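Residue-level listing of the chains:
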Amino acid sequence: MGFRHSRFRLLGLLPILLLCAGFVQFAAAQTTEHPDSPPGGRADAGVRKPKPRVVIIGLDGMMPEQVERYRNRIPEVDRLLTRGFFSPAIESPYTDTPTNWTTIATGAWVGTHGITSFDAHLRGMLLGDSTPTFNSRLAQAEYLWHAAERQGKRSILINYPIAFPKLLKNGVVIGGDGLTSRAWAVRHPDLITSFRRVPRGKPLILGVAKDWKNVPPSYKVLREGMVVLSEQVRIEWGASGLVGSGIIPATAERRYVLIFKDGGVTKLLLSASRDAGKPIAVLAKGDWSGWVKENFSGKECLRQYKVLDLNPEGTEVTIYGTIAAALSGWAYPPGLEQRIIENAGAYVEALELSPDQALSVGWFGTDVAKELMSIQAEWFAKTVAYLNRTEDWDLMMMHFHEPDGINHQELGKLDPSMGPEINSRADAFLGDTISILFQMAARIARECDDGHSYVMVVSDHGNLPLTKIINVQGIMMREGWTSYAKNEKTGRWSLDPVHSVAAFENSGVWINLKGRELNGLVEPGPEYEELRTKIINRLQKVTDSETGKPVFSIVAKREDLEELGIWGDRTEDVFAFGKPYYMAWSGPKSMTINIPEELMNTYRDSREVIPLATATAAGYYDRTLTADHWGLPTGTVGYASNRATFILSGPGVVPGGRAARVNLVDVAPTASHLLGIRPPEQCEGRIVWQALEK
Ligand SMILES: [Zn+2]
């Protein structure tokens, strides 16, 4: 189960063969990859009546501008757009992940499904309080897979962000706790290094090799290394309720490294003891280990190692260890995990801190990030192939989050202000990552093609370059609307609901309203309206002192924005959408609860707009981002936008069809139509008729 990047690339170049005359399809016929499969698809297809199936491939953050930008460079993209229908898709505000994977899955606008950004503030909560939205029980609208199940269809959900906790009675659910598989990580990634100075690196202590057992005679031993793997970095964002990051303790465990020459090549052997007869991996520079069994804190798991540095003398060594994935607990029905591992490898999505985050802190460069993405893409393709051949299914929905991470990290480098050299490097890297994604999509489409299958490639939002932060928390403080109190024990500050009449959270302002917020302070009626008006007037005046121009594109009452799909109890009293390049100082409650002194100091900064670097240094972001998705769903700078992507291909789809826009709420009703079922109960979208031949 080693790393198979080269094979993966080659598959993308396989000639495409059309299977069904009269049907123009993105998917090619079965390739030589599966010689045992009968023509026409699955092994058991011969006994079934043909039935339509829909596979929805979710590429987080993939924007239509990127699809078009790389079309000529990536054959899989071109083929998909030539044979299928393509349109930008407009999502609901909040232009983020939990919100819009819910929109996709329910066909309902935010006002109806009620999943409002990463944290929902609910009726009866204290001002500033909220609950994480990666929670399948929190949505107020039926999911497509439940509508399908009610109507006798069977679904497979793979790493779909809001599928957890699992509510399907009869289907397959893999992961789905938040963005990634991290909820099932036995150990988080490690960078083990003898010489590099990188954030969160673990020192490898080199010395004279002694007391090693079972060293093969061909090994010319140079030295040994020892590392203590103790605390680790954890970043979780899942239904289990945690939005957080930081250092967590772990049982200290040692790993030993024997460095030697064998046949003139310098290599290393990694082991849990000084026994060369029990290696975890034997690797030369640049090698990946493939999935190897590991054991941390008494728990068996799988991870991959790669040797990033190893000089011929063996004096400079860096080893990277991926997330160590649990062997069970992440798939339904139980017991499926082992079969997935055997056929596709360990379940990991965001192998890293995530490749983008590790890139950001200098653990490795873009080449290794691409290799990691390929490992994950390979897992998705193989998992789909395995499930396709072993499960009866009608609807398959999968989600790959990493493209969003890469966009956060790199997209802003495409901005003309960065200069041609940075532009072209970022362009090449982004193009390569998008190539990996669409090769995966092509492979999945080929696998699932039985002449009656549809493939959708969809995303949840786009991304926009970011250079400045709107210090909206500071403004709210100075106007006397929001107060913070310090916890003397922890030294941290939290929003004080007893002394605050309003608070900026997510995309706007909540009023501390009597009868709605717990211990609300503001009377409904004229007092509430007057405060709202004051806040709107104030935020409309926020300008960037460098340009003299306003930084919000719209500041308005919730009820004036119903056309954007936002209404109801779970949405803010006032919405404020920033222009591209600006992000408001909001986000989940990490911006208002338990915040450190440095962050409070930036709130106290009298500037209303703060450079991104200043805000990042104060802890606003955990790494240097160049782009973020916030503001209006239609926000654009030409080469990038907040818009999502909708691509459909399959029998009867208009080849090369285009539309100026569809809505993201249209995905579920269109998929329902293709499956021949009624859409989910609260669905508000429409069938994308212009994608279908008359
Ligand atoms: Zn997303």
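In this text, all values refer to a predicted model and were calculated from it rather than measured experimentally. Per chain, residues are indexed from 1 in the order of the written sequence. Local features in a predicted model are, by the rule used here, given only for residues with pLDDT of at least 70; side-chain atom pairs are given and counted only at 80 or more, and totals for whole chains, interfaces and linings are based on all residues.

It is worth spelling out the overall build of the protein chain at this point. Counting from the N terminus, the helices are DSSP H or I runs at least four residues long and the strands are E runs at least two residues long. Looking only at helices and strands, one finds 16 helices and 38 strands in the protein chain. The exposure scheme places C-beta atoms from the backbone and then counts, for each residue, the other C-beta atoms within 10 Å of its own, assigning buried at 20 or more, exposed at 12 or fewer, and partly exposed in between. Here the protein chain holds 694 residues, and the buried ones make up 55% of them.

Our next topic: the environment of Y386. With respect to the secondary-structure elements, Y386 resides in helix 9 (residues 366–390). For Y386, a count of 17 C-beta atoms within 10 Å corresponds to the partly exposed category. Between the alpha carbons of Y386 and A344 there is a distance of 7.7 Å; along the sequence they are 42 residues apart.

Right, let's get into the sheet that holds strand 8 (residues 190–193). When DSSP finds two or more bridges between two strands, those strands count as paired. The strand order 9-8-20-19 describes an open sheet built from four strands, whose pairing is mixed. Single-partner strands in this sheet number two, and they are strand 9 (202–203) and strand 19 (305–310). Of the pairings in the sheet, the one linking strand 19 to strand 20 (residues 317–321) comprises five bridges and is antiparallel in character. Paired with L310 across the strands is V317, a residue of strand 20.

Counting buried positions over the six residues of strand 37 (residues 644–649) gives six, a clear majority of the element. The alternating pattern of strand 37 places A644, F646 and L648 and T645, I647 and S649 on opposite faces, both of which are buried. Direction of pairing for strand 2 (residues 85–90) relative to strand 37: antiparallel, over a ladder of five bridges. Residue pairing across strands places A89 opposite A644, the latter belonging to strand 37.

Residue-level confidence of the predictor is summarised by pLDDT, bounded by 0 at the bottom and 100 at the top. Counting all residues, the mean pLDDT for the protein chain is 89, and 88% of those residues have values of 70 or more. Whether two residues are in contact is decided by their C-beta atoms, placed from the backbone, lying within 7 Å. In the model, residues 1–46 has pLDDT below 50 throughout and makes 72 contacts with residues more than four positions away in sequence or in other chains. Confidence over residues 239–245 falls short of pLDDT 50; this stretch has 21 contacts with residues more than four positions distant or in other chains.

Core analysis: the biggest nonpolar cluster contains 196 residues, and A325 and M456 have the highest contact counts within it. In terms of residue count, helix 11 (residues 420–448) provides more of this core than any other element does, 13 residues in total. Other than its neighbours up to four places away in sequence, M456 contacts V54, I56, I57, I647, L648, V667 and A671. Only buried residues count toward a nonpolar core: Ala, Val, Leu, Ile, Met, Phe, Trp, Tyr and Cys, linked into one set through C-beta atoms within 7 Å.

The next subject is the sheet that holds strand 2. Strand order in the open sheet formed by nine strands is 22-6-5-23-1-24-37-2-38, and the pairing between neighbours is mixed. Two strands in the sheet have a free side with no partner beyond their single neighbour: strand 22 (331–332) and strand 38 (662–663). Pairing of strand 2 with strand 38 involves two bridges; the strand directions are parallel. Considered in strand 38, the bridge of A89 is made with V662.

Before going further, it helps to spend a moment on unusual backbone geometry. With an omega of -5°, the peptide bond between P93 and Y94 qualifies as cis. The topology assignment puts Y94 in the loop between strand 2 and helix 4 (97–106). With an omega of -5°, the peptide bond running from F164 to P165 counts as cis. Structurally, P165 can be placed in the loop between strand 5 (155–158) and strand 6 (172–174). Phi is positive for N506, close to 55°, though the residue is something other than glycine. In this structure, N506 sits in the loop between strand 28 (502–505) and strand 29 (508–511). Positive phi values are uncommon outside glycine, yet N594 reaches one of about 55°.

Taken across its nine residues, helix 10 (residues 402–410) has nine buried, putting it largely inside the fold. For helix 10, the set of buried residues is E402, P403, D404, G405, I406, N407, H408, Q409 and E410.

Neither face of strand 28 is exposed, since A502 and F504 on one face and A503 and E505 on the opposite face are all buried. Where strand 28 meets strand 29, four bridges bridge the pair, whose relative direction is antiparallel. Paired with E505 across the bridge in strand 29 is G508. The turn linking strand 28 back onto strand 29 is made up of two residues, and N506 within it adopts a positive phi angle of 55°.

The subject of this paragraph is the packing of helix 3 (residues 75–83) against helix 11. Between the N-to-C directions of two axes lies an angle of 0 to 180 degrees, each axis being a line fitted to C-alpha atoms and, for a helix, fitted only over the stretch in contact. Running from N to C, helix 3 and helix 11 cross one another at 55°; their axes reach a closest spacing of 8 Å. With respect to each other, helix 3 and helix 11 are oriented oblique. In terms of crossing hand, the pair formed by helix 3 and helix 11 is left-handed. Where helix 3 abuts helix 11, its residues E76, V77 and L80 lie against F438, Q439, A441 and A442. Note on residue classes: Ala, Val, Leu, Ile, Met, Phe, Trp, Tyr, Cys and Pro are nonpolar, Asp, Glu, Lys and Arg are charged, and everything else, Gly too, is polar. The class makeup of the residues in the contact of helix 3 with helix 11 is five nonpolar, one polar and one charged. Between 65 and 115 degrees an angle is taken as roughly perpendicular, under 35 as roughly parallel, over 145 as roughly antiparallel, and anywhere else as oblique. Helix crossings get a hand from a simple test, with the near helix turned counterclockwise from the far one by less than a right angle marking a left-handed crossing and a clockwise turn marking a right-handed one.

A few words on the environment of I319. Looking at the element boundaries, I319 is found in strand 20. Assessed through the 26 C-beta atoms surrounding it within 10 Å, I319 is described here as buried.

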